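A structural walkthrough
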Amino acid sequence: MPTRADEQTWTIAQVADEFGITHRTVRHYEDLGLISPERVGTKRLYSRRDRTRLNLILRGKRLGFPLDQIRMIIDLYDAPRGKRSQLQYVLAQIDDRRTDLEQRRRDLDDALTELDRFEDRCREDLARIT
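Residues numbered from 1 in each chain as written. Predicted model: local features only at pLDDT ≥ 70, side-chain atom pairs only at ≥ 80, totals over all residues. Heavy atoms only, no water.

**Notes on the side chain of Glu 30**
Condition: Only runs of H or I of at least four residues qualify as helices and only runs of E of at least two qualify as strands under DSSP, and these elements are numbered from the N terminus. Remark: exposure states derive from per-residue accessible area (1.4 Å probe, protein chains only) relative to the maximum for the residue type, with buried under 20%, exposed over 50%, and partly exposed in between. Side-chain atoms alone can form a polar contact between residues adjacent in sequence; in general such a contact is a pair of N or O atoms within 3.5 Å, and within protein one must be able to donate a hydrogen while the other accepts it.
Relative to the helices and strands, Glu 30 is located in helix α2 (residues 23-31). For Glu 30, a relative accessible area of 15% puts it in the buried group. Within polar-contact distance, the side chain of Glu 30 engages the side chain of Arg 44 at 2.5 Å.

Next up, the structure:
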């Protein structure tokens, strides 16, 4: 197994550019303990593991998961037998998130329908006035 010194590493600028985020965002995830780059003086060196974790964090954020749930998912992966418990937890969270998004979609559809009706009434009223 390669040692940490033998692994490919990336700088904060490279990682931020790759994922389309700011340096501040990367440092924020580091401050929260979600990623832990190696420090060489004042330079941060991100490993493949850090990049994988960052990718999972950003995917979780895109799906609407809060950081505490993302942390739990990532931490469960590192725990003994974490893969099974991680998958069970993630499946439960996906179900909750799907339910929430489906409700939001119904709410948006209802709002759009109402806007269409209101627009039609406004156009009818405008046609009568002119």
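**Some thoughts on the packing of aromatic side chains**
Quick note on the threshold: Stacked, tilted and edge-to-face are the three classes applied to pairs of Phe, Tyr and Trp rings, where Trp contributes its six-membered ring and a pair requires centres within 6.5 Å; stacked means planes under 30 degrees apart, edge-to-face means over 60, and tilted covers the rest. Consider the ring centre and the ring normal. A charge sits over the ring if Lys NZ or Arg CZ is within 6 Å of that centre and within 35 degrees of that normal.
Within the structure shown, the criterion is met by 0 aromatic pairs. Over the aromatic face of Trp 10 sits the side chain of Arg 51, whose NZ or CZ is 4.0 Å from the ring centroid.

**Observations regarding the pattern of salt bridges**
Stated formally: Salt bridges, as used here, are contacts in which a Lys or Arg side-chain nitrogen is within 4 Å of a carboxyl oxygen on Asp or Glu.
In total, this model carries 8 salt bridges according to the counting rule given. Residue Glu 119 is joined to Arg 123 by a salt bridge in which the shortest nitrogen-to-oxygen separation is 2.9 Å. Here Arg 123 and Glu 119 lie together in helix α5 (residues 82-129), a separation of 4 residues that amounts to about one turn. The network of salt bridges with shared partners includes Glu 30, Arg 39 and Arg 44.

**Brief notes about the environment of Glu 7**
Here Glu 7 shows up in the segment before α1 (12-19). For the pair formed by Glu 7 and His 23, sequence separation is 16 residues and the distance between their alpha carbons is 22 Å.

**A closer look at α1**
Structurally, the α-helix is built with 3.6 residues per turn, so residues lying three or four positions apart point the same way. Cut-off, in case you're wondering: The directions from the helix axis to the C-beta atoms form the arc being described. The criterion used for residue contact is that any of the two residues' heavy atoms lie within 4.5 Å.
Turning to α1, its buried residues number three or more, namely Ile 12, Val 15 and Ala 16. One side of α1 carries all its buried residues, which in axial view fall inside an arc of 95°. Where α1 is buried, its residues meet α2, β2 (43-45) and α3 (48-62). Gly 20 sits one or two positions beyond α1 and adopts a positive phi of about 70°.

**Some words on α2**
Buried within α2 are the following residues: Val 26, Tyr 29 and Glu 30. Looking down the long axis of α2, one finds its buried residues gathered within 105° of arc, a one-sided arrangement. Across from the buried face of α2, at angles greater than 90 degrees, the exposed residues are Arg 24 and Asp 31. Gly 33, located one to two residues past α2, shows a positive phi value of around 80°.

**Notes on the nonpolar core**
Test applied: Nonpolar cores are built from buried Ala, Val, Leu, Ile, Met, Phe, Trp, Tyr and Cys residues. Side-chain atoms within 4.5 Å join them into one set.
Val 26, Tyr 29, Ile 35, Leu 54 and Ile 57 are the most contacted members of the largest nonpolar core, which has 16 residues in total. Every element with two or more residues in this core is listed here: α1, α2, α3 and α4 (67-78). If near-sequence neighbours (up to four positions away) are discounted, Ile 57 is found in contact with Tyr 29, Leu 34, Ile 35, Leu 67, Ile 70 and Ile 74.

**Structural notes on the side chain of Arg 97**
Following the sequence through the fold, Arg 97 ends up in helix α5. Judged by its relative accessible area of 17%, Arg 97 is buried. Polar side-chain contacts of Arg 97 include one of 2.7 Å to the side chain of Asp 100.

**Brief notes about the environment of Glu 119**
Judged by its relative accessible area of 36%, Glu 119 is partly exposed. Separated by 10 residues in the primary sequence, Glu 119 and Asp 109 have C-alpha atoms spaced 15 Å apart.

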